Amino acid sequence: MKTFLKLKKKDWLLIIIIICVAGLAFFLHEKIGGRGANCVTIKVDGTIQGVYSLAEDQEIEINGGTNLLVIRNQEANMKEADCPDQLCVHQKPVSKNHESIICLPNKVVVEVDSSENSEFDAVTN
Amino acid sequence: MKSRVAYFGVFTALALIFGYIETLIPISFGIPGVKLGLANLIIVIALYRMKLSEAFLLSVVRVLLSGFLFGNYFSILYSLAGGLLSLTVMAVMKRQEGFSIAGVSIAGGVFHNVGQLIIAALVVETFSVTYYIPVLLIAGLLTGLLIGILAGGMLKRLAELSF
Ligand SMILES: [Zn+2]
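Residues numbered from 1 in each chain as written. Chains lettered and ligands numbered in written order. Predicted model: local features only at pLDDT ≥ 70, side-chain atom pairs only at ≥ 80, totals over all residues. Heavy atoms only, no water.

### Examining the overall build of chain B
Looking only at helices and strands, chain B features six helices and zero strands. When the helices and strands of chain B are placed in sequence order, the string is α-α-α-α-α-α. The proportion of buried residues among the 163 residues of chain B is 53%. Long-range pairs, those at least 24 residues apart, make up 76% of the contacts in chain B between residues at least 6 apart in sequence. If you sum the accessible surface of chain B, you get close to 7500 Å²; carbon and sulfur atoms cover 73% of it. (Helix = DSSP H or I, 4+ residues; strand = E, 2+ residues; numbered from the N terminus. Buried < 20%, exposed > 50% of the residue type's maximum accessible area, 1.4 Å probe, protein only. Contact = heavy atoms within 4.5 Å. Areas by Shrake-Rupley, 256 points an atom, 1.4 Å probe, with all protein chains shown as cover.)

### What to know about the sheet that holds strand 4 (residues 67–72) of chain A
Hydrogen bonding along the main chain pairs the strands of a sheet, whether they run parallel or antiparallel. Residue and element names in this part refer to chain A. Taken in spatial order, the three strands line up as 3-4-5 in an open sheet, and their pairing is antiparallel. Each edge of the open sheet is held by one strand with a lone partner, namely strand 3 (58–62) and strand 5 (75–81). On average, each strand axis in the sheet is tilted by 25° relative to the strand beside it, whichever way the strands run. Sheet topology places strand 4 next to strand 5; six bridges connect them, and they run antiparallel. (Pairing = 2+ DSSP bridges. Axes fitted to C-alpha atoms, helices over the stretch in contact; angles between N-to-C directions.)

### Some points on the coordination of the zinc ion
Residue and element names in this part refer to chain A. Ligation of the zinc ion by protein atoms is provided by Cys83 (SG), Cys88 (SG) and Cys103 (SG), these donors lying 2.2 Å from the ion. When the donor residues of the zinc ion are listed from N- to C-terminus, their spacing reads C-x4-C-x14-C. Taken together, the residues span a long stretch of sequence, with cysteine 88 in helix 2 (residues 87–90) and cysteine 103 in strand 6 (residues 100–103) at a distance of 15 residues. Assessed through its relative accessible area of 1%, cysteine 88 is described here as buried. (Donors = N, O, S within 2.8 Å, 3.2 Å for Na, K, Ca; no water.)

### Quick notes on the domain arrangement of chain A
On domain assignment, one finds that chain A holds domain 1 (1–33) and domain 2 (39–113). Of note, the centres of domain 1 of chain A and domain 2 of chain A, computed from C-alpha atoms alone, are 33 Å apart. (Domains from an automatic or database assignment.)

### Some details on a positive patch on the surface
On the surface, Lys6 and Lys8 of chain A together with Lys156 and Arg157 of chain B cluster together to form a positively charged patch. Tracing the backbone through its elements, the reader meets lysine 8 of chain A in the segment before helix 1 (9–33). (Patch = residues over 30% accessible without salt bridge, like charges linked within 9 Å, V, L, I, M, F, W, Y side chains within 5 Å. Salt bridge = Lys/Arg side-chain N within 4 Å of Asp/Glu carboxyl O. Lys, Arg positive; Asp, Glu negative; His and termini not counted. Charge placed at Lys NZ, Arg CZ, Asp CG, Glu CD.)

### Observations concerning the pairing of strand 1 (residues 39–44) of chain A
For a regular strand, side-chain orientation follows a simple rule: the groups alternate between the two sheet faces. Residues and elements named next belong to chain A. Taking burial as the measure, the six residues of strand 1 include six buried ones, the bulk of the element. Residues Cys39, Thr41 and Lys43 point to one face of strand 1 and Val40, Ile42 and Val44 to the other, with burial holding for every one of them. Pairing geometry for strand 1 and strand 2 (residues 47–53), over six bridges, is antiparallel. From the neighbouring strand, lysine 43 faces strand 2, where its bridge partner is isoleucine 48.

Rendered as structure tokens:
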């Protein structure tokens, strides 16, 4: 059993580097835009289709009805989609900044964001 | 020559089985199509038991076959990017002194996920997927470590069997 896990010095170094990079990426993300999530941006094939407030409960038809997004209790959830894999429907609801729901077959991206207005407010405050 | 082809066939079949098992595990990293990379176990063993060109061929054959069997166009794209980047990095690492199989496999696991992330960023034309970098790096680290331990054990058995 002892021989099962024989990590060398360089292995440990590699592990530490990976953990540091992951930690740094997490930290940068929190620092740059972790707070103030208040809306979702919906993109279809790379172009923005609309920005919707998370504060308002609503149902949004995306891409002429291929996907149906529901916003409720500050969370966005993909409720229906006509894609074959249904992976976007099975994804958890999103609410934190830069979390996203992606439907690859329909090229739909729903991304949580902080709107420009709130950033402006934060600065003036 | 004949036995090499037979072993290649066995390895391909094993890789397909692992790829299939993986589709049954309901772990989601938030990005559709991104997979854990359990089939990498066979690739790691191939890297240590076969010629490098054969390991690459195995990697491509595996991705195409499992893509046609249980996946779609996107899963092929993801797996190919993840698999080839991972194998390239592992081949380079193996040549360096001082890394054990676990270390090589960890690098493979991490770059498997990095490759998939790059494809995700390109396909959906958004950088929002970078949100998942930390979780994908750590997941790659753990998967790679697990695969490294398993591969180490299996390679030892194989050596005892003198195949
Ligand atoms: Zn979908």
